Amino acid sequence: MMSDFQRSLSVRLSRRGERSSHPSNNKVREEEEGGLFSASRIHSEYAIKTIWKAGFVRLLLVGGILWMLLILLALLFHVWSCQSSLSFFSAICNKEGRLYVVLDSIGFVPKPQHRCPIPVAYDPDKVLLPSSITPDSIVTNLTYITEDDQPSSNSHFPLFGGNITWSQRQQSFLLKPDMKVHCGFMPGGGAEMSSLDKQYVKKCKFVVATGIFDAYDQPHQPSNISERSKNLFCFLMVVDEVSLDFLRSNTTVRQDAHGGQWVGIWRLILLKTPPYDEPRRNGKVPKILTHRLFPQARYSIWIDAKMELILDPLLILERYLWRGKHTFAIAQHKHHRNIYEEADACKRRKRYARPLVDLQMKIYRYEGLEPWSIKKSTVSDVPEGAVIIREHTAMNNLFSCLWFNEVHLLTPRDQLSFGYVVDRLKGAFKVFMFQNCEYNSLFELHPHIREHSSKIEWVKSLKELKGKGESLKESRGGFGLWTPYPGDLDSVELPKVVRTSKAG
């Protein structure tokens, strides 16, 4: 009995001894292995941290790749929606947005079709006309210079565009509420309208205008015109006497009870005494100075005579002006955004004397005109000027005057001066430049009756314009090219042009 008790007691004591010996054994073991900073522990923790870091880096890379793929997918969807023929997706696209312009400039956007659908309203009879004109906030009162301080020393008769000095030109770009500028139609300068025609155009609030000069084109009748537009719009064709004689000989010209002359839907407006020697420069008068020829008009659509309008003009105004609250719309050039690139193409196409085109570009470069880039506020500096859609606000009328003054002073290539004037107005003038494929869907293009060419277009150097070559100079326009410029143009180096198209 005692022996059993002793045995159980000894067992308990031995167990207590084992328990009490464990901490010391662990401590001894830790001390033997180096403690908390043992090599094995540090190695295992380093391995875990390395795995975590590698995993985190991989996670970042995978996340970045997925994010980039999502962005690329969104960009591709945006480009696809802009090219889609489905109305739902095409309505999502904003071709005037900054994103689309950037994608187009870096080559992500496929080359546009020659023609593309225009998202116009379905029925012209349901188009609501604006109840009021767009208010002017910058220029509120615009008047025109009708008498020069001093006559031109380069001409023996009054100049249609006036004797604009370089100082007056500079002042005309300084905007203020009351502006007074040259804007053509100087007394005795030509382009007079008959009293009958002046009386007729007084009633014209909505105008579709075109023009034929030097019998260069034949008239084309618009199609798909609603009865509402026929009653609302005046369809006016401006002609010179040479073209009027041609029309009388080759088409049917009817006369109404008041003596007005018509070719189909077009009411002929005769400009007596052409203001310039160069027919192309004459054509810029009704094209750019529409507001001066038809001062009562609130809205106008200009279309070159080589074109047959195939869309109702009321739908054109709704699409390009009223829907987006624009007041001036013009198409982008199909090939060029850069004015210097367009100038190079003009020289290759022999559109005007090469050294005079270069001189105009040197003036623009000296005055700070940079080549177009995506940093600019406009989607392009070069328009397709054959169609111009505008509301006749004071700012738009001022822009047209300044644009015409460049055509009057320098070369008649209006595509070169358009972007320059926009640039000089520093964002005060707003223009909606729509896609070129829509522009091509507004009309059917017809060839000219004949190829127009003047001798000055073939001039390759200024030497050809001296001596006997003096007769090649225009006697009524382009005097800014021969008037000493108040700056060192010899030091100007024109930007290098990379020819991005075969146009030219």
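The model shown is predicted, which means the values in this text are computed figures rather than measured ones. (Residues numbered from 1 in each chain as written. Predicted model: local features only at pLDDT ≥ 70, side-chain atom pairs only at ≥ 80, totals over all residues. Heavy atoms only, no water.)

**Observations regarding the nonpolar core**
Applied cut-off: Definition used in this section: a nonpolar core is a set of buried Ala, Val, Leu, Ile, Met, Phe, Trp, Tyr and Cys residues joined via side-chain atoms within 4.5 Å. Only protein chains enter the area calculation, which uses a 1.4 Å probe; residues under 20% of their type maximum are buried, those over 50% are exposed, and those in between are partly exposed. In DSSP terms, a helix is any run of H or I states spanning at least four residues, a strand is any run of E spanning at least two, and both are numbered starting from the N terminus. Note on contacts: a residue pair is in contact if any heavy atoms of the two residues lie within 4.5 Å.
In this structure, Leu-236, Phe-294, Phe-399 and Phe-418 are the most contacted members of the largest nonpolar core, which totals 75 residues. Top contributing element to this core by residue count: helix H14 (residues 394–409), with 10 residues. In contact with Phe-399, other than residues within four places in its own chain, are Phe-328, Phe-418, Val-421, Val-422, Leu-425 and Phe-429. Counting 40 residues, the second-largest nonpolar core is a separate cluster that includes Ile-212, Phe-235, Tyr-299 and Leu-311.

**Focus on the pattern of salt bridges**
What counts is decided by this rule: By salt bridge we mean one thing: a side-chain nitrogen of Lys or Arg within 4 Å of a carboxyl oxygen of Asp or Glu.
Within this structure, the stated rule accounts for 19 salt bridges. Here Asp-423 ties to Lys-376 by a salt bridge, and the two come within 3.8 Å at their closest N and O atoms. Highlighted residues: Asp-423 in helix H15 (residues 414–424) and Lys-376 in the loop between helix H13 (354–366) and strand S11 (383–391), separated in sequence by 47 residues. Classification of Lys-376 as buried rests on a relative accessible area of 12%. What emerges from the salt-bridge pattern is a single network uniting Arg-169, Glu-367, Glu-406 and Arg-424.

**Points about the packing of aromatic side chains**
Basically, it comes down to this: Aromatic pairs are defined between Phe, Tyr and Trp rings, using the six-membered ring for Trp, whenever the two ring centres lie within 6.5 Å; interplanar angles under 30 degrees are classed as stacked, those over 60 as edge-to-face, and all others as tilted.
For the structure shown, the criterion picks out 25 aromatic pairs. Here Phe-173 and Tyr-420 contribute two aromatic rings whose centre-to-centre distance is 5.9 Å and whose plane-to-plane angle is 85°, an arrangement assigned as edge-to-face. Of this pair, Phe-173 sits in the loop between helix H5 (166–172) and strand S2 (178–181) while Tyr-420 is found in helix H15, placing the two residues 247 residues apart along the sequence. Classification of Phe-173 by relative accessible area gives buried; the value is 6%. Here Tyr-320 and Phe-432 contribute two aromatic rings whose centre-to-centre distance is 6.3 Å and whose plane-to-plane angle is 35°, an arrangement assigned as tilted. Remark: Phe-432 occurs in strand S12 (residues 432–434) and Tyr-320 occurs in helix H11 (residues 313–322); sequence separation between them is 112 residues.

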